[in-house]
Amino acid sequence: MSILEEGTSAPAISALDQDGKPVTLEEYRGRKVILYFYPKDDTPGCTKEACAFRDNFPNFKALGVEVLGVSVDSEKKHKKFEEKYQLPFRLVADPEKSIVEAYGVWGQKKFMGREYMGTSRVTYLINEEGKIEKVWPKVNPSEHAEELLNYLQKKT
C-alpha cells in the first residue's frame, strides 16, 4: 500500500454510485472534492464517519466542496447504507478494487491478530485542478469530518 502524495494529480475515477449513476472526478473539475475511503458499509466506524459527513454536509456545501465516499461494496449495499442513514452525498462502488488500488489504500490489514486484505481509512482532498491538495492517512471516524471542515475554513 502506497498512499499518493500531495501535489500529484488525482487518478481518474470511472465507477457507479449507489443509484447506478456514473461517477467521474472530471465532472467535479473546478470544485474541491473530499474523496474519503472507508472499509465497509454499515460497520461501526464507517457509520460514525459517514454520519459525521452527513451532519456537516451543509457546511461543506456552503464552502462549495463535494463529498464522495468510496468502498469496495456494491451499489446495492451502498444504497441500503445511504437510505438507512439518510446520507446526502454519493457513495462510489469499487468492487473491482481499481480505485482503491489507484489511490494506494488497498493492502494488508490486521485486526485482532488476523491478517487480511482491505481498504484503509484514508481521505484525499482534491483541488479544483484535479491535484491532491491534502492527505489524511490516519482518520478518526467520529472527528474526521470536523477536522476537514476546520482545514477548509482556514483556507478560505
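Not measured: the values here are computed from a predicted model.

K.L.:
Got a minute to help me understand the packing of helix α1 (residues 44-62) against helix α4 (residues 144-155) in this structure?
P.N.:
In helix packing, the relevant descriptors are the interaxial angle and the interaxial distance, both defined with respect to the helix axes. Direction vectors running N to C along α1 and α4 enclose 30 degrees, while the axes themselves pass 8 Å from each other. Put simply, α1 runs roughly parallel to α4. From α1, E49, A52, F53, N56, N59 and F60 reach across to α4, where they touch H144, A145, E146, L148, L149 and L152. Among the residues forming the contact of α1 with α4, the class breakdown is seven nonpolar, three polar and two charged.

K.L.:
Looking at this model, I keep getting lost on the nonpolar core. Mind explaining?
P.N.:
Within soluble globular proteins, side chains that are nonpolar tend to cluster in buried spots. In this structure, I34, Y36, F53, F60, V67 and F89 are the most contacted members of the largest nonpolar core, which totals 25 residues. When residues of this core are assigned to their parent elements, the largest contribution, seven residues, is made by α1. Once residues within four sequence positions are removed from consideration, I34 is found in contact with F53, F60, V65, E66, V67, L68, T123, Y124, L125, L148 and L152. Formed by 23 residues, the second largest nonpolar core is a distinct cluster that contains I13, F37, I99 and V100.

K.L.:
Whenever I open this one, the pairing of strand β4 (residues 65-71) confuses me. Can you help?
P.N.:
Where a strand is regular, its side chains alternate between the two sheet faces. Among the seven residues in β4, seven count as buried, and that is most of the element. Covered by surrounding structure in β4 are V65, V67, G69 and S71 together with E66, L68 and V70, the residues of both alternating faces. Here strand β3 (residues 32-37) pairs with β4 via six bridges, running parallel. Looking at β4, one finds that K32 is bridged to V65. Handedness of the β3-α1-β4 crossover: right-handed.

K.L.:
Explanation requested: the sheet that holds β4 in the structure shown.
P.N.:
By way of backbone hydrogen bonds, the strands of a sheet pair with one another, either parallel or antiparallel. The seven strands lie next to each other as β2-β1-β5-β4-β3-β8-β9, forming an open sheet whose pairing is mixed. Since the sheet does not close on itself, it has two edges, and those belong to β2 (22-24) and β9 (132-136), each with one partner. The average undirected angle you get between the axes of adjacent strands in this sheet is 30 degrees. The sheet contacts of α1 involve β3, β4 and β8 (122-126), and relative to β4 the element is tilted by about 160 degrees. Helix-sheet contacts for helix α2 (residues 75-85) involve β1 (14-17), β4 and β5 (90-93), and the interaxial angle to β5 is about 160 degrees.

K.L.:
Help me understand the side chain of Q18, please; the structure alone is not making it clear to me.
P.N.:
Tracing the backbone shows Q18 in the loop between β1 and β2. A residue is classified by how much of its surface remains accessible, and Q18, at 6% relative accessible area, is buried. A distance of 3.3 Å separates a polar atom in the side chain of Q18 from the backbone oxygen of F89. Among the polar contacts listed, one links the side chain of Q18 to the backbone nitrogen of L91, at a separation of 2.7 Å. Every residue in contact with Q18, bar those within four places of it in the chain, is listed here: E75, H78, K79, E82, F89, R90 and L91.

K.L.:
For this particular structure, what's the right way to read the packing of aromatic side chains?
P.N.:
On inspection of all chains with the given rule, the structure shows twelve aromatic pairs. Judged by centre distance (6.2 Å) and plane angle (40 degrees), the ring pair of F57 and F89 falls under tilted. Here F89 lies in the loop between α2 and β5 and F57 lies in helix α1, a separation of 32 residues in the sequence. A relative accessible area of 3% means that F89 is categorised as buried. Where W136 meets Y151, the ring centres are 5.4 Å apart and the plane angle is 85 degrees; that geometry is what we call edge-to-face. A residue pair is termed long-range when its members are at least 10 positions apart, and W136 in strand β9 and Y151 in helix α4 qualify at 15 residues. This pair shows no difference in class: W136 is buried, exactly as Y151 is. Taken together, the ring pairs in this structure connect Y36, Y38, F53, F57, F60, F81, Y85 and F89 into an aromatic cluster. Stacked on the ring of W136, the Lys or Arg K134 has its end atom at 5.5 Å from the ring centre.

Conventions used here
- Residues numbered from 1 in each chain as written.
- Predicted model: local features only at pLDDT ≥ 70, side-chain atom pairs only at ≥ 80, totals over all residues.
- Heavy atoms only, no water.
- Axes fitted to C-alpha atoms, helices over the stretch in contact; angles between N-to-C directions.
- Helix = DSSP H or I, 4+ residues; strand = E, 2+ residues; numbered from the N terminus.
- Parallel < 35°, antiparallel > 145°, perpendicular 65-115°, else oblique.
- Contact = heavy atoms within 4.5 Å.
- Nonpolar A, V, L, I, M, F, W, Y, C, P; charged D, E, K, R; others polar.
- Core = buried A, V, L, I, M, F, W, Y, C linked by side-chain atoms within 4.5 Å.
- Buried < 20%, exposed > 50% of the residue type's maximum accessible area, 1.4 Å probe, protein only.
- Pairing = 2+ DSSP bridges.
- Right-handed = clockwise from strand over helix to strand, strands pointing away.
- Polar contact = N/O pair within 3.5 Å; in protein donor to acceptor, adjacent residues only side chain to side chain.
- Phe/Tyr/Trp six-rings, centres within 6.5 Å; stacked < 30°, edge-to-face > 60°.
- Lys NZ or Arg CZ within 6 Å of the ring centre and 35° of its normal.

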